[in-house]
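# A closer look at the structure
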Amino acid sequence: MNLARYIRLFAAAAVAFSAPVWCDTAPAKVGQYAQEVATKYTMAQGLPSDNVSAIGIDPSGVVYITTTDAGMAKFENGAWAVVAEDQRATVAAIVKAPDTISIGAGRTLHFVEPDPAAAPELHQVVAASVGGLFSGSAPGNYYLLQPMTVKDGEGRIWSSADVRGITFDSAGQLWFCTLAGAACRIGENWKFYEGTDGLPFNDFTCAQSGPDGVVWFGTKKGAIRFEPNTVPVPASAAEAAAPAAPAGGAAKEEKKGLPEGAGEGDFQYRQGLLWLPNDEVRDIAVDASGNAWFATAGGVGLIERRPMTLWQKAQHYEQEMEKIKRTEYGYVSEVSLKTPGDTSPENIIYTDSDNDGLWTSMYGAGECFGYAATKDPALKEHAKKAFEALRFLQTVTQGGEHPAPKGYVARTILPVEGTEDPNLGRLERDQKEQAEGDKIWKAYEPRWPKSADGKWYWKSDTSSDELDGHYFFYPRYYDLACETEEEKEAVRQVVRDLTDHLIDHGYRLVDHTGTVTRWGEYSPEGLNHDPNWWIERGLKSLSMLSYLAVAHHMTGDQKYLDHFMTLANEHNYLFNAMVTKIHLGVGSSNQSDDEMAIMSYYNLLAYMPQDESMRNLMRYSFYSRYALEQPEMNPFFNFAYAAFGLGQSYTSTFGSYPIEPWHGWLDDSLRTLKGFPLDRMNWGHENSHRLDILPLRRQQYGDPADAPPRKIRRGSRINTGKVIPIEDRFFNHWNTDPWDLDYGGQGQGLASGAVYLLPYYMGLYHGFIEKDS
């Protein structure tokens, strides 16, 4: 590649902009879907006791419970009330607590269900007990039962002992659960479910069916919902009238004979305080709308199936975002809560983070995509507010006792009034970090200089992820939200000053101390020749090229293209960026680096020179990174890659190869967007005990230079190889490791909704999703 050739090639063009590809098929039409919303009821909400043993729903929809120590209660018209003594016999018929019916020989029945396929006058039942699964008749106050033998064709008898729950689904199919797993009778055959089939857990306590073939299971550590891929159809009238199979052998011994796809579906795990007041689920009741009620050792739980559209969910998060914006500029970060679960304004504690600029940038970029797709003026206003906040991070560093070089951007700000000096004790902490941890960590003061007007502390030592965020936002705002020359010139100037700062300091970010920030090294000398930076070489080369491409696009100034070509050709930045980080397979990357790389790839492919040989390489580099991210079901990553990867191929000396997003990329993205809980509080989740998890190997635990490797339990789902669903984990931002299995938290933090808004609006803009009302 010849530098002069590329300068001539682009000398006639003030702007080199490649519009991202739009979806060449009809956008996904999601429409209404069932959004799960959890409500928890304890004594604080009117229960007579939190120790709830059983639950039931009468035909009118009134919910009844029994407790172990305070009698019965009902939920009616939005409130709990104790059931009067003279009504308890009626309630007992509705609330079917686990039975303890003796059938001789020291055996008792725990659950008895009438067989819906048999004529009522035959009194046919199926029963579960510690002694196994039974069927027969119950004509009165006695039972004529025989054991049912259910084999799986692999020499195992599933029905011989400790059956924990039974139910008939909406099609009349019998389900039961044991420590071996769950089983469903389909016609005369059985379908068996274990961890390898997606069953999350097996310490069952009960089972209950709902509409459309859904089956719920209670366990000693959460609840499980099975949703069939195809709603099962009840047996025909002729089949229903056929003689019942012998009680002792109601089914064939093997899976053979099952229709294709029969019994296939998805298991969903609901554990932790996000979903339940207590993990010990003792009983379940499901209403006609599919809403599930849970009797637990810590109260009553309700998981509603609320009709919602993705657009309505976005509006919910937009409202929630207003709760977490900090200072008059509206910086986006997570906030703390004085009382768990309470997001009222008086309960919120605002704090800064090192990455306020990054999170505000990603939020603002999402609003830009949203405005371009919908022309909603509120989204334009949010984007403008984000720009002013980010611009202030640049202007606040100028002047005062410790001014930074022109163009420098701060990490974040704190008001001087009402804030303890954040410099107190900071130097000692930094010196300790330098001595005991990061040897090139910067120890200096003040880390928090004051602004020229004395109103603000601004945090220095700005990192590369901040810059990636700023540069991701500015062209989105410039291209998609700015509508006047005045607006465009304002953002041009910010980008011009920041990019000139980097160039003037030898491709480094330099703060008020006159030295490069800890993560502000982008120079050829550092990336290509300093052993401290080899591991960052690929990512930082990618970032710097993307910065220059953005600056050239927005300003039209040839010098930025000249610097781009010099770094790309003379200093090998283009080839450095072919491998942005050395990975050891799926799950081995650093998620902050992933997030930074995705934003930089998006900018680079949007604005880099229109030379196909260069673009061919960068598309493949992006593809190789995307391939590692694909199992994470991340809609932001998927949409960013699809914007440039759809319909593309990579050409080498061996031929041309498709590099399109992998099959299922849109389904995975929609699954995650729909799965986002409306509740963004940091409730803990535990998944490391699950049966459907395959632990990651040590080689997948990250950089082998890390010593020792990360000890956090990490894994993927056995049956898909992908991360656990988004409903089963908590994170503030997309830089959280999705392969982690256990997450702490007691609901004392409220996270940003921008992790939903950015990919959703991005999907609308690129035509991957159709907007719903």
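Notes on the structure follow. (Residues numbered from 1 in each chain as written. Predicted model: local features only at pLDDT ≥ 70, side-chain atom pairs only at ≥ 80, totals over all residues. Heavy atoms only, no water.)

## Things to note about the packing of aromatic side chains
Here is the rule: Any two rings among Phe, Tyr and Trp, with Trp reduced to its six-membered ring, count as a pair given centres within 6.5 Å; such a pair is stacked if its planes are under 30 degrees apart, edge-to-face if over 60, and tilted if neither. Only runs of H or I of at least four residues qualify as helices and only runs of E of at least two qualify as strands under DSSP, and these elements are numbered from the N terminus. Each residue gets one of three labels from its accessible area relative to the maximum for its type: buried under 20%, exposed over 50%, partly exposed in between, using a 1.4 Å probe on protein chains only. In our convention, an over-ring charge means Lys NZ or Arg CZ found within 6 Å of a ring centre and within 35 degrees of that ring's normal.
Scanning all chains against the criterion turns up 53 aromatic pairs. Residues Y41 and F75 carry aromatic rings whose centres are separated by 5.1 Å and whose planes lie at 55 degrees to one another, so their mutual orientation is tilted. Pair noted here: Y41 is in strand β1 (residues 33-41) and F75 is in strand β4 (residues 72-76), with a separation of 34 residues, a long-range link. The residues Y41 and F75 share a single accessibility class, namely buried. Where Y601 meets F622, the ring centres are 4.5 Å apart and the plane angle is 5 degrees; that geometry is what we call stacked. A residue pair is termed long-range when its members are at least 10 positions apart, and Y601 in helix α14 (residues 591-607) and F622 in helix α15 (residues 612-629) qualify at 21 residues. Judged by relative accessible area, Y601 falls into the buried class, the value being 1%. Given the relative accessible area of 0%, F622 is considered buried. Between R270 and the ring centre of W275, over which it is positioned, the NZ or CZ distance is 4.9 Å. The ring of F472 carries the charged tip of R476 above its face, separated from the ring centre by 5.1 Å.

## Section: the sheet that holds strand β2 (residues 52-57)
Stated precisely, the cut-off is as follows: Strand pairing is assigned whenever DSSP detects at least two bridges linking the two strands. Axis definition: a line fit to C-alpha positions, over the contact stretch in the case of helices; interaxial angles, taken between N-to-C directions, run 0 to 180 degrees.
Spatially, four strands are ordered β2-β3-β4-β5 in an open sheet, and the strand pairing comes out antiparallel. Edge positions in the sheet fall to β2 and β5 (79-82), since each has one partner strand and no second. Pairs of neighbouring strands in the sheet enclose a mean axial angle of 25 degrees, with direction left out of account. Both β4 and β5 contribute to a ladder of four bridges, which runs antiparallel. Residue pairing for β5: F75 is matched across the bridge by W80.

## Digging into the pattern of salt bridges
This is how the line gets drawn: The working definition used for a salt bridge is a side-chain nitrogen of Lys or Arg within 4 Å of a carboxyl oxygen of Asp or Glu.
Applying the stated criterion across every chain, the model contains 47 salt bridges. A salt bridge links K323 to E320; the nearest nitrogen and oxygen atoms lie 3.0 Å apart. Note that K323 and E320 are positioned in helix α4 (residues 310-324) at a spacing of three residues, about one turn of the helix. Among the residues examined, K323 registers a relative accessible area of 26% and is labelled partly exposed. Among the salt bridges present, the one from D354 reaches K459, with a minimum N-O distance of 2.2 Å. Placement of the pair is D354 in the loop between β25 (348-349) and α5 (356-374) and K459 in the loop between β27 (456-458) and α8 (464-481), with a sequence separation of 105 residues. Residue class for K459 comes out buried when judged on its relative accessible area of 7%. Among the charged side chains, a network of salt bridges with common partners joins E36, R225, E227, R270, R305, R671, R690, D692, E727 and D728.

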